[in-house]
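The lines below spell out each chain.
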Amino acid sequence: MDKIYKEIKKNSFKFHIGAGIGMILIGILAFFIDCPKLFPYFFYSKDKLSSLSSSEFEDGKWCTCDCNILFDYYAYNDDGRSYLAINQDGEYYGFFVNNNKTDVADEIADATYDFFDGKAPLSSKSLKGKGYITEMDSKEKDYFIEFFGDQFEEYHVKYYTFHMVTAWSLITNEGGFRVFMFMIIGVVLVVCGFYLIISYILGAPKKAFKKATEEYNVNMDLLENDMHFAKQIGKAYIGNNYTIFFSGTKVGIMPHDLLVWAYLRKIVTQNKTYGIKTSTSTTYRLELWDRNKKMNNVDVKSEELANQILDEMHTQAPHFLLGYTQEIADAANGRYDELVAFVDDRKTHSQTLSEENQYIDDPALIYQDPTGPANNQ
């Protein structure tokens, strides 16, 4: 039993940890791919804006800022305002401030004018943060030149604008609704990824196994004895009285004496790209019906593996109905108690059953090909 539990735990580890890490990575990539400025915002090395010389201003350069010298703003849009700033070489350039910081920028600008008029010291407030430099487009350049008026030729200028940003402003102001949606998707993936990893650490495999035993009130001593010589086929352990399945996070225990009907179902999925059929994929699932008409399903890798599992289960418990026929399906829909009674009768007479089941009167209930109907999606 320890071997089986280790296999369940190993399988759960692959799903929880592997899928968890994958979700986290995809979630993070969703941020950085759809909002590319987020990566440099967090990870690029940055120079101080105040220490840049005139020749170091270039498009796309990231900087940190601690600015307490600004003049009036010369342009604005829905997101904020572009103020006039000055570098260490005495050249004027643009300094864009988002709306939530323009009140601070205005106070700094007022204090800057008072300082140059000799009325007061520079503002004790400053704009601290990160941002990047862009070259002015023609429209901003026109507003920039217009701010100086007739005395423009007397000033030294740099046609560059520093954009002070936050991670949130990069997502909302610069990315728009599409990036915001990717952010939500990214957050969900990251949260789900951490949930999978944490749930494994907190004992998800053990909980899944316990839930499986409680579903049919399985006696653990009997199960352990039965699994001692169980046959492993894929991710199934088949004993004389029980079969244990595990797939992903799911663990199932099927007591053979409660099994009424079992078959394989193929699920064929039509894959499409932009509405055009491109390929098909097929998955396989065992469907196991118990005495209470509850259907348990188990995903398996291949049709061959599924048939091997069903054949071995039927060898250990020849009483249950193996394979799908329309007659059995019709009986299951309206006369399920008759199927249960039929299976009980087979159990009672299991010692006299021949390999061909010659004693059975209803040919619809004779052993069939285990493959069930194919579902097309």
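Predicted model only: the values in this text are computed from it and were never measured.

Undergrad: Can you explain the nonpolar core? Please cite residues and give values.
TA: Core analysis: the biggest nonpolar cluster contains 36 residues, and Phe-245, Leu-286 and Ile-309 have the highest contact counts within it. Dropping the residues within four chain positions of it, Ile-309 is found in contact with Ile-233, Ala-236, Ile-238, Phe-245, Leu-286 and Val-300. Listed in part, the 20 residues of the second largest apolar core include Leu-49, Cys-63, Ala-105 and Ile-108.

Undergrad: So, the pairing of strand E4 (residues 80-86): which residues are in play, and what are the values?
TA: Buried residues dominate E4, accounting for five of its seven residues. Pairing of strand E3 (residues 73-76) with E4, which is carried by three bridges, proceeds in the antiparallel orientation. Across the sheet, Ala-75 pairs through a bridge with Ser-82, a residue of E4. In this antiparallel pair of consecutive strands, E3 and E4, the connection spans three residues. Bridge count for E4 against strand E5 (residues 92-98) is seven bridges, and the pairing is antiparallel. Opposite Ser-82, over in E5, you have Phe-96 as the bridge partner. The antiparallel pairing of E4 with E5 creates a hairpin that spans five residues between the two strands, and Gly-90 there sits at a positive phi of about 75 degrees.

Undergrad: Describe the pairing of E5, and please don't skip the residues or the numbers.
TA: With seven of its seven residues buried, E5 lies for the most part within the structure. Pairing between E5 and strand E7 (residues 157-165): four bridges, direction parallel. Opposite Tyr-92, over in E7, you have Val-157 as the bridge partner.

Undergrad: Requested: an account of helix H10 (residues 326-334), with residues and values cited.
TA: All of the buried residues in H10 are Ile-328, Ala-329, Ala-331 and Ala-332. Projection of H10 onto a plane perpendicular to its axis shows the buried side chains occupying an angular sector of 165 degrees, all on one side. Turned more than 90 degrees away from the buried face of H10, the exposed residues are Asn-333 and Gly-334.

Undergrad: Would you mind going over a negative patch on the surface in detail, with residue names and values included?
TA: Taken together, the side chains of Glu-56, Glu-58, Asp-59 and Glu-135 present a region of like negative charge at the surface. If you trace the backbone, Glu-56 turns up in the loop between strand E1 (47-48) and strand E2 (62-67). Residue class for Glu-56 comes out partly exposed when judged on its relative accessible area of 34%.

Undergrad: How would you explain a nonpolar patch on the surface if you had to name every residue and give the values?
TA: Residues Phe-39, Phe-42, Phe-43 and Tyr-44 make up a contiguous nonpolar surface patch of roughly 440 Å² in combined accessible area. If you trace the backbone, Phe-43 turns up in helix H2 (residues 38-43). Residue class for Phe-43 comes out exposed when judged on its relative accessible area of 53%.

Each value, and the rule that gives it
- Residues numbered from 1 in each chain as written.
- Predicted model: local features only at pLDDT ≥ 70, side-chain atom pairs only at ≥ 80, totals over all residues.
- Heavy atoms only, no water.
- Core = buried A, V, L, I, M, F, W, Y, C linked by side-chain atoms within 4.5 Å.
- Buried < 20%, exposed > 50% of the residue type's maximum accessible area, 1.4 Å probe, protein only.
- Contact = heavy atoms within 4.5 Å.
- Helix = DSSP H or I, 4+ residues; strand = E, 2+ residues; numbered from the N terminus.
- Pairing = 2+ DSSP bridges.
- Arc of directions from axis to C-beta.
- Patch = residues over 30% accessible without salt bridge, like charges linked within 9 Å, V, L, I, M, F, W, Y side chains within 5 Å.
- Areas by Shrake-Rupley, 256 points an atom, 1.4 Å probe, with all protein chains shown as cover.
- Salt bridge = Lys/Arg side-chain N within 4 Å of Asp/Glu carboxyl O.
- Lys, Arg positive; Asp, Glu negative; His and termini not counted.
- Charge placed at Lys NZ, Arg CZ, Asp CG, Glu CD.

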